[in-house]
Amino acid sequence: MPSRPRPGTSDEVRRAFIEFFAERGHVHQASSSLVPFNDPSVLLTTAGMQQMIPYMLGREVPPAIRMTSIQKCFRTGDIDEVGNPRNLTFFEMLGNFSIGDYFKESIIPWSWEFITERLQLPAERVYVTIHPTDDEARQLWLKIVPPEKITDLEDNWWGPPGAEGPCGPDSELYYDMGEELGCGSADCAPGCDCDRYLEFWNLVFMQFFQDRQGNRTPLPKTNIDTGSGLERVTAIMQGVTTVYETDLFRPIIDDVAAIAGTSFGRDEHTDYALRVVADHARGVTFLASDGVVPGNEGRGYVMRRIVRRAVRYGRTLGIERPFLESIVGKVISRMAAAYPELEAGRAGIIETITLEEARFAETLAAGTERLNEWIAQAKAAGRSAVDGRLLFQLHDTFGFPFELSEEMIAEAGLSADRPGFDAAMEEQRTRSRAGARFKSMAEVLASEGPGGAPESQFQWERPLTLPGEIVAIGVHEDTVGLRWDLDEIKQGQHGQILLHGVTPFYPEAGGQVGDRGVIRNEHGIFRVTDTRKLDGAHVVHIGHLESGTLSRTVNPQVIAEVDPVHRAPTARHHTITHVLHRTLKDVLGENTSQRGSLVAPHVARFDFNYPRPVSRQQLEEINARMNHHILADEPVTWSIMQIDDARKSGAMAIFGEKYGNEVRVVDIGGWSRELCGGTHVHRAGEVGPAFLLRESGLASGIRRVEVLAGEAAFTHAWNQQERLLSLARTVGAPVDQLEAKLTSLVEELDQAKRDAAKLEAQLAAGRAANLVDTAVKVGEVNVLAAKVEASSRDGLRDMADQLRAKLGTSVVALGASFDGQQAFVVGASRDAIERGINAGDILRQALAAAGGKGGGRPDFAQGGVKEADQLSVALAQVVPLVERAVGGA
Ligand code: SER
């Protein structure tokens, strides 16, 4: 048979595989979703055979008895290892399947034919492994390869990804990637941990059914399931040593590198981060395309973890701005030919991912703020390191990785205390081990008798003050954390209280913050600072004991009292959120809907999808319409109904939220109807004035607005007026003439700046003339290195240019302090460059000696140091560096 061209690209490998098996009667099946449709026990699809399971078990009739597929797969086992050259989360599996049709006698010779004839791989580099008991496979292989090519491996057995399913012995194919990648050990062979032998195809001989207990019984018929990683085969075909260097990854890696201003192959630290971002960008793109939304459990958590891990590694590459939109866009464009659904879902995929990126950026920003405070405190106290315990707090509460803190602290010229961090981490481990000695809340509840304490109930219609009974108390102890096995909480102690059944306290949910207030009786007062639902069933009141003692055994009767000063404005902000949501749809279009919210006493924050900034005019209209609805004073009512009825009634549900069968629908005048569990006012008029505060972009296609209602709105309006009055006083004009006054002041200021710049240029020229005399000669090059006065980088650069022009063949290095910066520039004349001088190199080396950073071109480079005295150090390097450069020329 005339040989066809050897497949070289990943697209060609895909095609070759499908064609080869189509020629042998296989029907191509589309990849199934990454979210398994037929097996709830499996988180994500991890193998091509998953969609074939019902056919192999004889439970369903297959569309064909010979099938082939390219399956999207996602493996979560080693996410923290991804970054190493061999690990991947998302990959594509080439597979062929026989459902009770051919068995080993066909697939073994076919696989060899595909490898040696279709892929045209050199037979001498291909090796085979089999299960030691599988003599049938051994005999079949011996007809093709010599015995020394066959290795017995005990773990050549493939089992179901869920708890039960088809299984059987397998035979794996390995490719010798070259001796230089090997461990050198005498018994190095396929199956060795080193990088020499790459497993690239697994032929599974499905013979048994395995049940949940691990018992195996023969399947109705024998089946074949093979799986081959497209990425690995492509690496072999492209002669590269890792999958990351193939055409599936390189374009993506190069794009990430371009954004970071670096390149692949520069150093291992950079490469690791580039691999993480490339892998995770592919992973999140395919997860989002199959409908996975970031969340705190299951698949959503996998998604959240890898979006955040990608962002973190982006930061270690120096990428501070959102960047996933462009990388994910690249993945979509790169993969859309094979997966058209990516292009069709482009906008939604990008929205889902960039929204999570933005949320993580908020977390990082909050953490950064803390970190900066601690850096300032350490500096003020004359310490050279930031306490590791604090850094652990940052890690624990904000998910802020130590490495990130370390980098930011180093930038501020301090060091991060690693031993302190490690010690705090170890203490937490000890604490949780010790904590495990004490009963958990669930255990305390269980000991209350059958069923434990009833589920907590929050009821909207009840008054803010209710009698209650303490059933469990969690007391926070420094060394062990929260312990639930104590009967009482004493003055000064922090902890949590669980009441029997009904509570008037609203637990944080649906964006609305938890209630505050007190739980008290004549023996003690517990100040509640937050309320949360702990295990989906029990509401805990979090706070501290202000005075006395509260007990769950002696006098457990208490009064639970929600603070109305916290609740009422929160309810106003919740109702205005619904009014806003409906108004946004009315003004911006029905497609616009909620993507997240925060409802607090002082503000409502609302995120929604919209492709561009909302104009001032639209905002004005939204603001007017919201207030119009409030003034109409429509009734706010709520009712519990079946989810289907709620949907039929047109109630809006929130994207990505999960709802039970029974839902609560909040209705405002029949005009706004929304699924919601939060607290609201009873008539729209109670919201009081509403004020749309600001609009900004949060993520790709996601906008954010803030709204103030009631007291928060009129306090804001009053404060704005005060600010205007104070401004007017400062500039000496009445409020109604403020604009004209400020315009003329700005003009005057511009003129003054222009005059100052002119004067400075004159002065600089004069100073430059004096400086020229201080130049020294190195060979034929005039070298000038001096500290000068300048008020901006541009000024400094101008001065360097002038001096260079005056000095002819020259190198000019200048340092200046202004605006808290210590700037350093180096310029070289063209004929100095011809003599071997490079301003960029001189600047970098001089700054390296002085502890600064910078860069540039052969003729001009700029940078800076942190301290003024380091400028002198950098300047002192210049003459010797020029001597070396000229000498070496
Ligand atoms: N089920 C086997 C694997 O996942 C072959 O497809 O490796």
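For clarity, every value in this text was computed on a predicted model and none was experimentally measured.

About the thresholds
- Residues numbered from 1 in each chain as written.
- Predicted model: local features only at pLDDT ≥ 70, side-chain atom pairs only at ≥ 80, totals over all residues.
- Heavy atoms only, no water.
- Helix = DSSP H or I, 4+ residues; strand = E, 2+ residues; numbered from the N terminus.
- Buried < 20%, exposed > 50% of the residue type's maximum accessible area, 1.4 Å probe, protein only.
- Contact = heavy atoms within 4.5 Å.
- Areas by Shrake-Rupley, 256 points an atom, 1.4 Å probe, with all protein chains shown as cover.
- Lys, Arg positive; Asp, Glu negative; His and termini not counted.
- Charge placed at Lys NZ, Arg CZ, Asp CG, Glu CD.
- Polar contact = N/O pair within 3.5 Å; in protein donor to acceptor, adjacent residues only side chain to side chain.
- Arc of directions from axis to C-beta.
- Near = heavy atom within 4 Å.
- Nonpolar A, V, L, I, M, F, W, Y, C, P; charged D, E, K, R; others polar.
- Pairing = 2+ DSSP bridges.
- Axes fitted to C-alpha atoms, helices over the stretch in contact; angles between N-to-C directions.
- Core = buried A, V, L, I, M, F, W, Y, C linked by side-chain atoms within 4.5 Å.
- Salt bridge = Lys/Arg side-chain N within 4 Å of Asp/Glu carboxyl O.
- Phe/Tyr/Trp six-rings, centres within 6.5 Å; stacked < 30°, edge-to-face > 60°.
- Lys NZ or Arg CZ within 6 Å of the ring centre and 35° of its normal.

When you go through the protein residue by residue, the secondary structure sums to 24 helices and 34 strands. By the burial criterion, 49% of the 889 residues in the protein qualify as buried. Restricting the contact set of the protein to residue pairs at least 6 apart, pairs at least 24 apart contribute 66%. A total of about 40,700 Å² of accessible surface is found on the protein, and carbon and sulfur atoms cover 50% of it. For the protein, the centre of its 94 positive side-chain charges and the centre of its 122 negative side-chain charges are spaced 2 Å apart.

This part covers the side chain of Arg 275. As for its placement among the helices and strands, Arg 275 is situated in helix 7 (residues 268-289). On the basis of relative accessible area, Arg 275 is assigned to the buried category, the value being 4%. Here the side chain of Arg 275 touches Gly 83 through a polar contact of 2.5 Å, landing on its backbone oxygen. Contacts of Arg 275, omitting those with residues within four sequence positions, involve Gly 83, Asn 84, Pro 85, Tyr 244, Ile 253, Phe 264 and Glu 268.

Below, the discussion takes up helix 12 (residues 388-398). For helix 12, the full list of buried residues reads Gly 388, Leu 391, Phe 392, Leu 394 and Phe 398. Angular distribution of buried residues about the axis of helix 12 spans 170°; they occupy a single face of the element. The N-cap residue of helix 12 is Asp 387: its side-chain oxygen and the backbone nitrogen of Arg 389 are 2.9 Å apart. Among the residues trailing helix 12, Gly 399 stands out with phi positive, at a value near 65°.

Turning our eyes to something else, we now look at unusual backbone geometry. Non-glycine residue Asn 555 carries a positive phi angle of around 50°. Looking at the element boundaries, Asn 555 is found in the loop between strand 20 (539-551) and strand 21 (557-562). The phi torsion at Asp 633 lies on the positive side, around 55°, for a residue other than glycine. You can see Asp 633 is positioned in the loop between helix 17 (616-631) and strand 24 (636-642). Of the residues examined, Asp 633 reaches a relative accessible area of 28% and is grouped as partly exposed.

Mapped onto the elements, Arg 14 comes out in helix 1 (residues 10-22). A distance of 2.8 Å separates polar atoms of two side chains, one belonging to Arg 14 and the other to Glu 92. In this view, Arg 14 contacts Ile 70, Glu 92, Leu 94, Leu 230, Leu 248, Met 335, Ala 338 and Tyr 339; residues no more than four positions away in its chain are not counted.

Glancing now at the site of the ligand. Taken together, Ala 47, Met 49, Arg 75, Met 93, Trp 158, Asn 202, Val 204, Asp 225, Thr 226 and Gly 227 make up the full set of residues adjacent to the ligand. Note that an oxygen atom of the ligand is positioned 2.7 Å from one of the side-chain N or O atoms of Asp 225. Within the backbone of Gly 227, one N or O atom sits 3.2 Å away from an oxygen atom of the ligand. Elements with a contribution of two residues or more to the shell around the ligand: strand 8 (197-210) and strand 9 (216-229). It is strand 9 that provides the largest number of residues to the shell around the ligand, a total of 3 residues. Residue composition of the shell around the ligand, by class: 5 nonpolar, 3 polar and 2 charged.

Right, let's get into the sheet that holds strand 27 (residues 690-699). Here 4 strands make up an open sheet; going across it, the order is 22-23-28-27 and the pairing antiparallel. The open sheet terminates on both sides in strands that have one partner only, identified here as strand 22 (594-599) and strand 27. Neighbour to neighbour, the strand axes of the sheet diverge by 15° on average, direction disregarded. Two strands pair when backbone bridges link them, and strand 22 and strand 23 (residues 604-609) are joined in this way by 5 bridges, in the antiparallel orientation. Bridged to Ser 597 within strand 23 is Phe 606. Packed onto the sheet, helix 11 (residues 346-380) meets strand 22, strand 23, strand 27 and strand 28 (702-709) and runs at close to 110° relative to strand 27. Running over the sheet, helix 17 touches strand 27 and strand 28 and is turned about 135° from strand 27.

Counting residues in hydrophobic clusters, the biggest one holds 128 residues, and the most contacted among them are Ile 107, Trp 141, Leu 173, Phe 200, Trp 201 and Leu 287. If we ignore the near neighbours within four places in the chain, the residues touching Phe 200 are Ile 115, Val 126, Leu 173, Tyr 174, Tyr 175, Gly 227, Ser 228, Gly 229, Arg 232, Val 233 and Ile 236.

Moving on to the pattern of salt bridges. A complete count under the given rule lists 57 salt bridges for this structure. Asp 195 is paired through a salt bridge with Arg 86; the nearest N and O atoms lie 2.5 Å apart. Residue Asp 195 is located in the loop between strand 7 (165-176) and strand 8, and its partner Arg 86 is located in the loop between strand 2 (66-74) and strand 3 (90-99); the two are separated by 109 residues in the primary sequence. Taking the shortest distance from any N to any O, the salt bridge between Arg 683 and Asp 633 comes out at 3.2 Å. One end of the pair, Arg 683, is in the loop between strand 26 (672-675) and strand 27; the other, Asp 633, is in the loop between helix 17 and strand 24, and 50 residues separate them in sequence. Using a relative accessible area of 38% as the deciding quantity, one classes Arg 683 as partly exposed.

Tallied over the full model, the rule gives 22 aromatic pairs. With centroids separated by 4.9 Å and ring planes inclined at 50°, the aromatic side chains of Phe 17 and Phe 21 adopt a geometry described as tilted. Of this pair, Phe 17 and Phe 21 are both found in helix 1, 4 residues apart, which corresponds to roughly one turn of the helix. The burial state of Phe 17 is the same as that of Phe 21; both residues are buried. With a centroid separation of 5.9 Å and an interplanar angle of 45°, the aromatic rings of Tyr 272 and Tyr 313 are classed as tilted. Of this pair, Tyr 272 sits in helix 7 while Tyr 313 sits in helix 8 (residues 298-316), placing them 41 residues apart in sequence. Of the residues examined, Tyr 313 reaches a relative accessible area of 19% and is grouped as buried. Site record: aromatic cluster; members linked through ring pairs are Phe 17, Phe 20, Phe 21, Tyr 102, Trp 110, Phe 114 and Trp 201. The residue whose ring lies beneath Arg 24 is Phe 20, and the NZ or CZ to ring-centre distance is 3.6 Å. For the cation-ring pair, Lys 149 lies above Tyr 127, with the distance from its terminal atom to the ring centre recorded as 4.2 Å.

Nothing here speaks to function; it is geometry throughout.
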